[in-house]
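Okay, here's what each chain looks like letter by letter:
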Amino acid sequence: MTELLSSIQPDRKSLRAKIAMRLQFLVISIWLALFATTLGRFHWILDLTTHFVVQYCALSLVLATAAWFLRLRWTACFAATAAVVLSSWIVPIYTSPITRGHVHGPLQGETIRLMSCNVLTSNLDHEPFRKLIESESPNIVLMMEVDTNWHDRGIRPLKDRFPYQYIESREDNFGIALLSDRPLSEVFFREFDQNIPSIAAKLECNGEQIQLIGTHPLPPKEQPAIVEATGIRKWETPEQVDVDDIVHLGSCTKAMTAVIIGQLCTEDRLGLSTTLGEIFHDTAAVTESSWSEVTIQQLLQHRSGVNANFAVYQVFDAKHPDSVVAARNELTEAIWKQKRPRAPGFVYSNIGFILLGHIAEKIDGKSWEEIIAKRLFQPLGMTSAGFGPVGKPDGTTESVDSIAGRCWGHTQSIDFFSAAKSILGGKSKPNFTPQQTDNSRCLGPAGRAHMNLRDWSKFVLPFAKEDGYRQLQISKEVWSEMLTPIQSTKPNESYAAGWVLFDRPRFNGQAFFHNGSNTTWYCYALALPGKHQCILVATNVFNDPAQKACDDIAEFINTFPVE
């Protein structure tokens, strides 16, 4: 019995020592967190520690109590001291400023209630904001992320409540507005940093001039894109490619057209279940045929029954050389003359996405090129984006030789002597023909955009984010519905809104994939929500080896560990 008790006693001491060590570790961790909060002004990551002050305080009290009962006096004192310090931060927050007073003594005279709020550009529901105004009764309101929608529908109705309104609406999430129920003086807008507008004003209160400065701080920056480039810009020339060179996206443009449709659906100007009969209600060729039953969602999924392509697109361009919208309208009229299958299946259709682009033109009253520039390129800061041949920013082909610093697309040349040599077992040197050509202008919504890889990543990366729909100004409901494909046993037919979707363990779950080519370029896009990253690869030649090389490079990059 004595031997048994002696063996138990050391175990109890060992257990007590382990508990004491863990308590001391937690107490030290809390003090380190407190120290980090004081350094938050130097870096936003350290500032994140201030978000858990209440939790630190509660944990400190628990640790102090536990340490006291374990007779760890010094540990209990340190934990209790942390609790006191934290309480001194927390209690004032929950004490009314009016009862608490301030450095000049108790509040006297006129008081001003100021409200600051980020209304969110993608938020189309203005009613909660109005109710908040009614319940809080502020005298001055600073609003961030004010776009034209908020300007027209959210702010103007408040003119009687706030007769003094100073607004700079923008479509890039950095619009700002200052509303006041009393006169302001010396009001001016100023861009402090990176073209972010801020607003400054003065007002009089209790005989003193008060300076107001409102700004929308930049969020923490994402990890920058890693871009590498190798090769030459033009066959048999020494000029090397650069990481900021323009690449042609080909059919990867389709996802951009789909986002425009998603935005129109979010604005209730269109719906995924809207039919062509409703859109083209004034066109008998549509309303009196089975084309009237086709929905927007079916077009986005390549299941509308529209053919893949026309034999020649340039005929529509030739008829309307001065208006690409008129050319696309002529193209859509040619669609109605085709016979729609009774039970349409999956057909990858360029025509279908041209039709989607023209629907956006019909609703927005502008060309697809103008729409995508305003709705995507400008808000996302895609300054290198354009249309048509990469050799010219404006998409034309005249005098492309004089444009320096731009890549050429290439096609593989047929050399009969080299081909014969290869057949006879000899080694032949590949040969390529530089090209500055592109698809018909009508094909813009289906595959005519170009830009550099950095700018392309600004569009693709939101598809790898949990809340990427916000950045692309689409509601969560529309986003979820438009990116839900019809299940298919054939991988390429699991298509939705410009993407092929599939699940693979090597991608940590769901992946969005697309590739594209205008027959002189090839590109590959992969968005990986499970890794919060995207992979983009492009080459300025189109043939089977080039395509395989891009695919292999993307697969290789995917093996890199996620940071």
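Below is a short write-up of the structure. (Residues numbered from 1 in each chain as written. Predicted model: local features only at pLDDT ≥ 70, side-chain atom pairs only at ≥ 80, totals over all residues. Heavy atoms only, no water.)

Quick notes on the pattern of salt bridges
Filter applied, for reference: By convention in these notes, a salt bridge is any Lys or Arg side-chain nitrogen within 4 Å of a carboxyl oxygen on Asp or Glu. Where helices and strands are cited, they refer to DSSP runs of H or I of at least four residues and of E of at least two residues respectively, numbered from the N terminus.
Counted by the stated rule, this structure contains 21 salt bridges. Here Glu186 makes a salt bridge to Lys202, at a shortest N to O gap of 3.6 Å. Linking Glu186 in strand S5 (residues 185–193) with Lys202 in strand S6 (residues 196–205), this pair joins segments that are 16 residues apart in sequence. Bridged by salt links that share partners, the residues Glu267, Arg269, Asp364 and Arg375 form one connected network.

Side note on the side chain of Glu361
Our working definition: To sort residues, take the accessible area from a 1.4 Å probe on protein chains only and compare it with the maximum for the residue type: under 20% means buried, over 50% means exposed, and anything in between is partly exposed. Here a polar contact is taken to be a pair of N or O atoms separated by no more than 3.5 Å, where protein atoms must pair a possible hydrogen donor with a possible acceptor and residues adjacent in sequence count only if both atoms sit in side chains. Two residues qualify as a contact provided that any one of their heavy atoms is within 4.5 Å of a heavy atom in the partner residue.
Along the chain, Glu361 turns up in helix H14 (residues 350–364). Classification of Glu361 by relative accessible area gives buried; the value is 5%. Side-chain polar atoms of Glu361 contact the backbone nitrogen of Trp368, separated by 2.8 Å. What Glu361 contacts, discounting residues up to four positions off in sequence, is Val325, Arg328, Lys366, Ser367, Trp368, Glu369 and Ile371.

Quick word on the packing of aromatic side chains
Quick reminder of the rule: Classification of ring pairs rests on two measures: the distance between centres of Phe, Tyr or Trp rings, Trp counted by its six-membered ring, which must be within 6.5 Å, and the angle between planes, read as stacked under 30 degrees, edge-to-face over 60 and tilted in between.
On inspection of all chains with the given rule, the structure shows 19 aromatic pairs. Plain terms: the ring middles of Phe459 and Phe463 are 5.4 Å apart, the flat faces sit at 65° to each other, and that makes the pair edge-to-face. Pair check on accessibility: Phe459 and Phe463 agree, each one buried.

Quick look at the nonpolar core
Just so we agree on the cut-off: Residues belong to a common nonpolar core when they are buried Ala, Val, Leu, Ile, Met, Phe, Trp, Tyr or Cys residues joined through side-chain atoms within 4.5 Å.
Formed by 95 residues in total, the largest nonpolar core has its most connected members in Met256, Trp456, Phe459 and Phe463. No other element matches the eight residues that helix H8 (residues 254–266) contributes to this core. Not counting residues within four places of it along the chain, the set of residues in contact with Phe459 comprises Ala255, Met256, Val259, Leu376, Leu380, Met382 and Leu472. Grouped together as the second largest cluster of nonpolar side chains are 18 residues, Ala33, Val53, Cys57 and Ala79 included.

Side note on the packing of H14 against helix H15 (residues 368–380)
The criterion, for reference: Working convention: axes come from line fits to C-alpha atoms, limited for helices to the stretch in contact. Angles between N-to-C directions cover 0 to 180 degrees. Oblique is the label for any angle not under 35 degrees, not over 145, and not in the 65 to 115 range, which are roughly parallel, roughly antiparallel and roughly perpendicular in turn. Residues are grouped as follows: Ala, Val, Leu, Ile, Met, Phe, Trp, Tyr, Cys and Pro are nonpolar; Asp, Glu, Lys and Arg are charged; all remaining types, including Gly, are polar.
Running from N to C, H14 and H15 cross one another at 80°; their axes reach a closest spacing of 9 Å. Between H14 and H15, the interaxial angle falls into the category roughly perpendicular. Residues Gly357, Ala360, Glu361 and Asp364 of H14 touch H15, and the partners they reach there are Trp368, Glu369, Ile371 and Arg375. When grouped by side-chain class, the residues that make up the contact of H14 with H15 number three nonpolar, one polar and four charged.

Looking at the side chain of Glu145
Stated precisely, the cut-off is as follows: Two residue types count as positive, namely Lys and Arg, and two as negative, namely Asp and Glu; His and chain ends fall outside the count.
Structurally, Glu145 is set in the loop between strand S2 (140–144) and helix H7 (148–155). Of the buried charged residues, Glu145 lacks a salt bridge, with Arg470 as the closest side chain of opposite charge at 8.3 Å. Polar side-chain contacts of Glu145 include one of 3.3 Å to the side chain of Asn118. When neighbours within four sequence positions are excluded, Glu145 is seen to be in contact with Asn118, Val119, Leu120, Thr121, Trp150, Asn173, Gly175 and His216.

Some points on the sheet that holds strand S1 (residues 114–118)
Note the threshold: By the convention used here, strands pair only if DSSP detects at least 2 bridges between them.
With mixed pairing, four strands are arranged side by side in an open sheet as S1-S2-S4-S3. In this open sheet, the two edge strands, each paired with only one partner strand, are S1 and strand S3 (164–168). Neighbour-to-neighbour, the strand axes of this sheet turn through a mean angle of 10°, independent of strand direction. Here S2 pairs with strand S4 (residues 176–180) via five bridges, running antiparallel. In the sheet register, Met144 faces S4, and the bridge partner there is Ile176. On the sheet, helix H6 (residues 127–136) packs against S1 and S2 and is oriented at approximately 165° with respect to S1. Here H7 sits on the sheet and contacts S2, S3 and S4; the angle it forms with S3, its principal contact strand, is near 160°.

A few points about a nonpolar patch on the surface
Let me state the cut-off plainly: Like-charged residues within 9 Å of one another, or nonpolar side chains (Val, Leu, Ile, Met, Phe, Trp, Tyr) within 5 Å, are grouped into patches, provided each residue has over 30% relative accessible area and no salt bridge. Per-residue accessibility takes into account occlusion by the displayed protein chains alone, with areas from the Shrake-Rupley method and a 1.4 Å probe.
A surface patch of nonpolar side chains, amounting to about 360 Å² of accessible area, comprises Phe25, Leu26, Leu59 and Val62. Those elements that place two or more of their residues in the nonpolar patch are helix H1 (2–38) and helix H3 (53–69). Its place among the elements puts Phe25 in helix H1.

Read these as spatial facts, not as claims about activity.
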